[in-house]
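Each chain, letter by letter, is given below.
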Amino acid sequence: MRRWASVQNLLIYGLGGPIIALNVWLLSLLFTYFQHPITIFSIATILAFLLNYPVKFFERARISRAQAVIIVLLLTLTLLVILGVTLVPMVIEQTNQLLDKIPDWLISSQDNLEQLQIWAKKRRLPLNFSVINQQINANIQIVVQQIPSGAVGFAGTLLSGVLNVVLVVVLAFYMLLYGDRVWYALVNLLPFHIRVPFTTSLRLNFQNFFLIQFLLGLFMVVSLTPIFLILKVPFALVFAIFIGVSELIPFVGATLGIGTVTILLLLQNWWLAIQVAIAAIVMQQVKDNLLGPKLLGDFIGINPIWIFVSILMGFEIAGFLGSLLAVPIAGTIKGTLDAMNSTKIRKND
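As the structure is a computational prediction, the values presented were derived from the model and not from experiment.

The rules we used
- Residues numbered from 1 in each chain as written.
- Predicted model: local features only at pLDDT ≥ 70, side-chain atom pairs only at ≥ 80, totals over all residues.
- Heavy atoms only, no water.
- Helix = DSSP H or I, 4+ residues; strand = E, 2+ residues; numbered from the N terminus.
- Buried < 20%, exposed > 50% of the residue type's maximum accessible area, 1.4 Å probe, protein only.
- Contact = heavy atoms within 4.5 Å.
- Areas by Shrake-Rupley, 256 points an atom, 1.4 Å probe, with all protein chains shown as cover.
- Axes fitted to C-alpha atoms, helices over the stretch in contact; angles between N-to-C directions.
- Parallel < 35°, antiparallel > 145°, perpendicular 65-115°, else oblique.
- Left-handed = near helix turned anticlockwise from the far one by under 90°.
- Nonpolar A, V, L, I, M, F, W, Y, C, P; charged D, E, K, R; others polar.
- pLDDT = per-residue confidence, 0-100.
- Expected span 1.5 Å × (residues − 1).
- Bend = angle between axes of the 7 residues up to and from the residue.
- UniProt positions renumbered as here; feature names shortened; annotations may be inferred.
- Arc of directions from axis to C-beta.
- Phe/Tyr/Trp six-rings, centres within 6.5 Å; stacked < 30°, edge-to-face > 60°.

Considering the overall build of the protein chain
Counting secondary structure elements, the protein chain contains ten helices and zero strands. Listing the helices and strands of the protein chain from first to last along the sequence gives α-α-α-α-α-α-α-α-α-α. A total of 349 residues make up the protein chain; the buried ones form 33% of that total. If you take every contact in the protein chain between residues at least 6 apart in sequence, the share linking residues at least 24 apart comes to 70%. By element, 71% of the accessible surface of the protein chain is carried by carbon and sulfur atoms, the whole surface being about 22,000 Å².

Structure below.
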């Protein structure tokens, strides 16, 4: 019996890795074939999770759910129209200007490296920036060639983006109205000992996670925009929004966002880049040490190493969307398994 048990464990652990790898590969293929509908559905689901909070607020005021959903939908559409008239045109204009300026910034960075090279030669310092200069020249040619096609692609993306926003809002509206029925129909297919912990863990991780990440990202945008304007940072609004959107990816998003903006500004003005990096890092520390612990807490309860692994796997499968969904999915799996294990321990006791 012991030998048979050891053989069983060997088979379980030996086949577990290949099976997991096969499932990851199948998921990546599935996302590749159905990328657009999966993306639309996922974003609509996230939006429905977020809008469910104000819907519940109106329900507490003795308003029916259908009426509460309609009120929230109208408020959401009003907010989108206001942003579309005021904020979105500014972001589009600054983005186009940024794309046009990048070749000039690369040229100015090349001049700065040449001056630094001359300064180093005068002082007989063993510094050689020829490889970097060659790389910058190659990048300048690539960027100049891609900007015209990128502008056309950006215009097409903008038009399709408007349609996608409408689809997302409409789908989120129907999810708020009829999502519970579909959800309970799917969850009832699971065994009872999995159904309850899975439902509880999924709602806890997805609803809380996305609400908190949205609030933290919004804090970075609101706080960095006036700071960048005071520092006279070019394209301040685009850079602040980019850092705020990067904050949606936990742990690594802030570093990637701040690092990218700093590198871009280094091409133009190294002193301004340092000021921007310091300001962004200070606000990030305020977010991580003051706001983050109060909002986020440790409800996910995953080791940071596994969080990084899940983000990398999610990015490999579905890009930015996968990295965004990786942490709440991992938290849902862990919460479900922990609840099932605790139930087994109670039964054994």
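So much for the structure itself; the text now carries on.
A closer look at the packing of helix H7 (residues 236-246) against helix H8 (residues 253-266)
In contact at an axis separation of 7 Å, H7 and H8 are set at 155° when each is read in the N-to-C sense. Classified by the angle their axes make, H7 and H8 are roughly antiparallel. For H7 against H8, the interelement crossing comes out right-handed. Listed contacts from H8 to Phe239, Phe242, Ile243 and Ser246 of H7 are Gly253, Ala254, Gly257, Ile258, Thr260, Val261, Leu264 and Leu265. Counted by class, the contact of H7 with H8 contains eight nonpolar, four polar and no charged residues.

Here's the deal with the confidence of the model for the protein chain
Detailed reading of the predicted coordinates is not advisable wherever pLDDT falls low. This prediction gives the protein chain a mean pLDDT of 75; 72% of its residues lie at or above 70. Per-residue pLDDT stays below 50 along residues 143-156; that stretch engages in ten contacts with residues further than four places along the chain or on separate chains.

Let's talk about helix H6 (residues 192-230)
Compared with the 57 Å implied by 1.5 Å per residue over 39 residues, the 57 Å span of H6 between its first and last C-alpha is a close match. Most pronounced at Leu224, the bend in H6 amounts to some 25°, and the proline Pro226 follows within four residues. Just past H6, the residue Lys232 takes up positive phi, approximately 60°.

Quick look at the UniProt feature "transmembrane region" (unreviewed entry) in the protein chain
On the UniProt side, "transmembrane region" (unreviewed entry) is annotated at positions that read residues 12-34, 40-58, 70-92, 154-177, 209-229, 235-256, 263-285 and 305-327 here. In residues 40-58, helix accounts for 100% and strand for 0%; the two terminal C-alpha atoms are 27 Å from one another. The span residues 235-256 is 68% helix and 0% strand, and its two end C-alpha atoms sit 18 Å from each other.

What about unusual backbone geometry?
Most peptide bonds adopt trans geometry, and most residues besides glycine take a negative phi value. In the Ramachandran plot, Arg62 falls in the positive-phi region, its phi being about 60° despite a non-glycine side chain. On the secondary structure map, Arg62 appears in the loop between helix H2 (35-60) and helix H3 (65-85). Unusually for a residue other than glycine, Phe235 sits at a positive phi of about 55°. Inspection of the secondary structure puts Phe235 in the loop between H6 and H7.

A short note on H8
With 14 residues, H8 extends 20 Å from end C-alpha to end C-alpha; this agrees with the ideal 20 Å at 1.5 Å per step. Within H8 the residues assigned to the buried category are Gly253, Ala254, Gly257, Ile258, Val261, Thr262 and Leu265. Down the axis of H8, the buried set is contained in an arc of 155°. They therefore lie on one face. Exposed and oriented more than 90 degrees from the buried face of H8 are Thr255, Leu256 and Ile263.

Considerations on the packing of aromatic side chains
Tallying each qualifying case throughout the model produces five aromatic pairs. Centroid distance Phe57 to Phe58: 5.6 Å. Interplanar angle 70°. Geometry classified as edge-to-face. On the accessibility criterion, Phe57 (54% relative accessible area) is exposed. Aromatic pair Phe235 and Phe239: ring centres 6.5 Å apart, planes at 90°, arrangement edge-to-face. Through a chain of ring-to-ring contacts, three or more aromatic side chains come together here, namely Phe173, Tyr174 and Tyr178.

Description of the environment of Val169
Inspection of the secondary structure puts Val169 in helix H5 (residues 130-187). Considered as a pair, Val169 and Leu47 are 122 residues apart in the sequence and their alpha carbons are 7.9 Å apart. When sequence neighbours within four positions are dropped, the list of residues in contact with Val169 reads Leu47, Leu73, Leu77 and Leu80.

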